[in-house]
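Descriptive analysis of the structure
Next come the chains, spelled out residue by residue.
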Amino acid sequence: MVATTRIELTIFDTMRGRYPHTVAAFESMPNGERALQAVTNLQDQWVRLNSNRPVESPFSHVPTVHSLPSCRPENRFDIVIAGGGLGLIAGVALARRGLRVLVFDRDRVGAAHREWNISERELKSLSQWGLFTHDEIEQTIAAHYSRGVISFDARGTGVEACPLQLEGVLDVALDAQSVLDKAREHFVEVGGTIKEGRSFKCLHMANSGRVASVFEIDGPNGTEYYSARLAIDTMGSVSPIALGLNDGLPFDGVCPTAGTVMEGLESDPATGDVLVSVAPAQDGRQLIWEGFPGNGGDTTVYLFYYDRTGSRYASNQGLLDLFERYFTLLPTYRRLNSAHRHLRPVFGYIPARHGRTGQTAARGLICLGDSAAGQSPLTFCGFGSFVRHIGRVSLLLEYALRKDLLEEWHLRLISPHQANLRVAWVFSRFMQPWPGSDPAAVNRIMNVFCSALGKVGQRTTLRFLQDRYTFAEYISIMLTTARHYPHIFAITARVLGPSGLAKWAVDIVLFAASDLVRTLQPRISRRLWRRLERNATRRMPALALRLISVRTLFSSLD
């Protein structure tokens, strides 16, 4: 009998035929096989969720119970945070306020999984709220470019190309790992507890009595239990907690994203590409590029497209297919020199909500970061949104814990939601080819819209792209677009449909009402407003929470 040798196939072997460019690139990267497996796992999970075929019911992860599992005294905390990326930064903000905080993650707490770009204005809030010193923040900056570009291909559109050159939009590239390393150091210094190599299993939430929850976690030696007065979910766009709160799908807008940190891309180190298209729509997707200068000549490049969630769209959102297009089309975006190489991949499904849909809080639970999908559905600046709000969120959460204001209606006041983002979903719909549109349709509309932004001025454009715009600025942009391109009325009706138009009208009214409060609030003297807060704190703590929430939210947008 002749002995046979069994040959073990790697993921590269199984995928080389279908994704040759992707396999070649990942083979050249450190830990490329592990990274490609992570891409595959995330894609499978995403498609399964969108196809309404979860392996197990998402509701099993967040049961409400009458009696919580018991915990050892040393495993009882004021706050337990699930997720060690942005959750670690939240942990620093809360632990600095004297709260007993635990952060856990299935991998290392404080490991960076993507690069971060942010505006200089938003970055300053980290020092203003005392999370880091100015010098510490400066040490984490990988690059600072002087202008950002928004540009859409005008060939075949019948309209003029209207590129925008901007200052103050995603103009700082951070070394994400340096930020998290510094956050971890501070977290430990102020008494925070870290548990890594722990996978989330279940969050038991008390349905009556004093608000409390217990995390059930898979640890190195078996099941572990940690109790919390307040649970925070920062596990990202496919968090089982967020899924459980939202019928298995926590948001309705998404950008599938693939890219790399690379060397050898011929580009201007003083310029970042914020939104750039170089071709018409392909296969029903308008592909868009981003490129940001990094440290030592590196560039972080992303390829993505705007889409909606649900079973109707699931088959169109494969990251592996997008990576293959990325490596194939990269030379059409920028020239590559002969020594170019890819250092590591960046990828994910970047979520957003269309309006105020979705649940971001429950009794004793709040979602932050991608779990809450609180960023604009147009700019998708998730890190910037998180940083913009983390100071006020930590202030309000401390107050809520001190006053036992931990019911869902209390925590919804704290969720980082902005009324102006209610209407932003309409813009994202125009970034997606719509039924009956030609391949140049998205580029045509976006050149028209960029022309309108150019006419309303740099200040309004900047505030729009930083998610800080007022109702008056929003209306000015809409009217300028309509005057410049009257066809927008018919196109809008076709893109949104009757139900979408009705929803948009409601969102506009709610935005206007919120902005009226935003306009009137500064007219009340700061001293009087603070006096109202102090009096309410003594007699009606829940009202004080609302007053503090309004004041801090509007001040973050000024």
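These notes cover the structure that comes with them. (Residues numbered from 1 in each chain as written. Predicted model: local features only at pLDDT ≥ 70, side-chain atom pairs only at ≥ 80, totals over all residues. Heavy atoms only, no water.)

Concerning the pairing of strand β14 (residues 271-276)
Cut-off, in case you're wondering: Throughout, exposure labels follow a simple rule: accessible area from a 1.4 Å probe, protein chains only, divided by the maximum for the residue type, with under 20% read as buried, over 50% as exposed, and the rest as partly exposed. Elements are defined by DSSP. Helices are runs of H or I of four residues or more, strands are runs of E of two residues or more, and each kind is numbered from the N terminus. Here a strand pair is declared whenever DSSP counts at least two bridges between the two strands.
Counting buried residues along β14, 6 of its 6 residues qualify, which places the element largely inside the surrounding structure. Bridge count between strand β6 (residues 147-151) and β14: 5 bridges; the pairing is parallel. Bridge pairing in β14 places V149 opposite D273. Where β14 meets strand β15 (residues 288-293), 2 bridges bridge the pair, whose relative direction is antiparallel. Considered in β15, the bridge of D273 is made with G291.

A few points about the packing of aromatic side chains
Our working rule: Pairing of aromatic rings covers Phe, Tyr and Trp, the last through its six-membered ring, and needs centres within 6.5 Å; plane angles under 30 degrees mean stacked, over 60 mean edge-to-face, and all others mean tilted. Two conditions define a charge sitting above a ring: the NZ of Lys or the CZ of Arg must be within 6 Å of the ring centre, and it must be within 35 degrees of the ring normal.
One pass over the full model with this rule turns up 22 aromatic pairs. When the centroid spacing of 5.5 Å and the interplanar angle of 80° are considered together, the rings of F471 and F511 count as edge-to-face. Residue F471 is located in helix α15 (residues 471-484), and its partner F511 is located in helix α16 (residues 488-520); the two are separated by 40 residues in the primary sequence. Members of the aromatic cluster, connected to one another through ring pairs, are F26, W289, F323, Y326, F327, Y333 and F347. Looking at R100, its charged tip hangs above the ring of F77, at a distance of 4.2 Å from the centre. The aromatic ring of Y333 is capped on one face by R334, whose charged end is 4.7 Å from the ring centroid.

What about the packing of helix α3 (residues 32-50) against helix α9 (residues 319-333)?
Stated precisely, the cut-off is as follows: To define axes, lines are fitted to C-alpha atoms, for helices over the stretch in contact only, and angles between the resulting N-to-C directions are given on a 0 to 180 degree scale. Note that the term roughly parallel is reserved for angles under 35 degrees, roughly antiparallel for angles over 145, roughly perpendicular for angles of 65 to 115, and oblique for everything else. By definition, residues are in contact when any of their heavy atoms lie within 4.5 Å.
It is the contact of α3 with α9, at a shortest axis distance of 9 Å, that shows an interaxial angle of 130°. Classed by the angle they form, the pair α3 and α9 counts as oblique. For the pair formed by α3 and α9, the contact residues are L36, V39, T40, L42 and Q43 on the first element and L319, L320 and F323 on the second.

Side note on the pattern of salt bridges
Two side chains of opposite charge can pair, provided their charged atoms sit close to one another. Inclusion rule: The rule for a salt bridge is simple: a side-chain nitrogen of Lys or Arg has to be within 4 Å of a carboxyl oxygen of Asp or Glu.
Under the defined criterion, the tally for this structure stands at 27 salt bridges. In this structure, R459 engages E473 in a salt bridge whose closest nitrogen and oxygen atoms are separated by 3.5 Å. One end of the pair, R459, is in helix α14 (residues 458-465); the other, E473, is in helix α15, and 14 residues separate them in sequence. On the basis of relative accessibility, which here comes to 10%, the residue E473 falls in the buried class. One connected set of salt bridges, linked through shared partners, spans D283, R285, D321 and R325.

Structural notes on the sheet that holds strand β8 (residues 172-174)
Taken together, the 3 strands give an open sheet; going across it, the order is β4-β8-β5, and neighbouring strands pair in antiparallel fashion. The two strands at the open ends of the sheet, each matched to only one other strand, are β4 (116-118) and β5 (141-144). Direction aside, the axes of adjacent strands within the sheet are offset by 25° on average. Relative to β8, β4 runs antiparallel, the two sharing 3 bridges. The residue bridging I118 from the neighbouring strand is V172, located in β8.

Brief notes about the packing of α15 against α16
The condition that has to hold: Here a crossing is called left-handed whenever its near helix is offset anticlockwise from the far helix by less than a right angle, and right-handed whenever the offset is clockwise. Note on residue categories: nonpolar means Ala, Val, Leu, Ile, Met, Phe, Trp, Tyr, Cys or Pro, charged means Asp, Glu, Lys or Arg, and polar means any other residue, Gly included.
At a minimum axis separation of 12 Å, α15 and α16 run at an interaxial angle of 160°. In terms of their interaxial angle, α15 and α16 are classed as roughly antiparallel. The chirality of how α15 crosses α16 is left-handed. When α15 is examined against α16, the residues F471, A472, Y474, M478, T481 and A482 are found in contact with a partner set consisting of I488, F489, W504, I508, F511, A512 and D515. Here the residues of the contact of α15 with α16 sort into 11 nonpolar, 1 polar and 1 charged.

Re the side chain of T460
Among the structural elements, T460 can be located in helix α14. Setting aside chain neighbours within four positions, we find T460 in contact with E473 and I477.

So, the pairing of strand β11 (residues 213-219)
In terms of burial, β11 is largely enclosed, as 6 of its 7 residues are buried. Across 6 bridges, strand β10 (residues 199-206) lies against β11 in antiparallel orientation. Bridging from a neighbouring strand, H204 pairs with V214 of β11. Taking the residues that link successive antiparallel strands as the turn, the β10-β11 hairpin has 6 residues, and the phi of G209 there is positive, at about 75°. Sheet analysis places β11 next to strand β12 (residues 222-233), joined by 7 bridges and oriented antiparallel. The residue of β12 that forms the bridge with G219 is G222.

As for the side chain of D105
To keep it simple, the criterion reads: Positive charge is attributed to Lys and Arg, negative charge to Asp and Glu, and no charge count is given to His or to the chain ends.
With respect to the helices and strands, the residue D105 is situated in strand β3 (residues 101-105). No salt bridge forms around the buried D105; measuring N to O, its nearest opposite-charge neighbour R106 is 5.2 Å away. Beyond its immediate stretch of four places on either side in the chain, D105 contacts G83, G84, G85, K195, E196, G197 and R198.

Some thoughts on the layout of surface pockets
Worth spelling out the cut-off: In the cavity and pocket records, a cavity denotes points on a 1 Å grid over the protein atoms alone where a 1.4 Å probe fits but cannot get out, a pocket denotes an open set with protein on both sides within 12 Å along at least 5 of 7 lines, and lining residues are residues with an atom within 4 Å of a point. Grid points are joined across faces, edges and corners, and a volume is the space filled by probe spheres set on the points.
As a volume, the second largest pocket reaches approximately 430 Å³. Looking at the second largest pocket, it is lined by 15 residues, and the ones nearest its centre are L413, R546, S549, V550 and L553. Contributing elements (two or more residues each) for the lining of the second largest pocket: α11 (408-414), α16 and α18 (541-557). For the lining of the second largest pocket, the element with the most residues is α18, which contributes 5 residues. When the residues that make up the lining of the second largest pocket are grouped by side-chain class, the tally is 7 nonpolar, 4 polar and 4 charged.

By themselves these figures say nothing about function.
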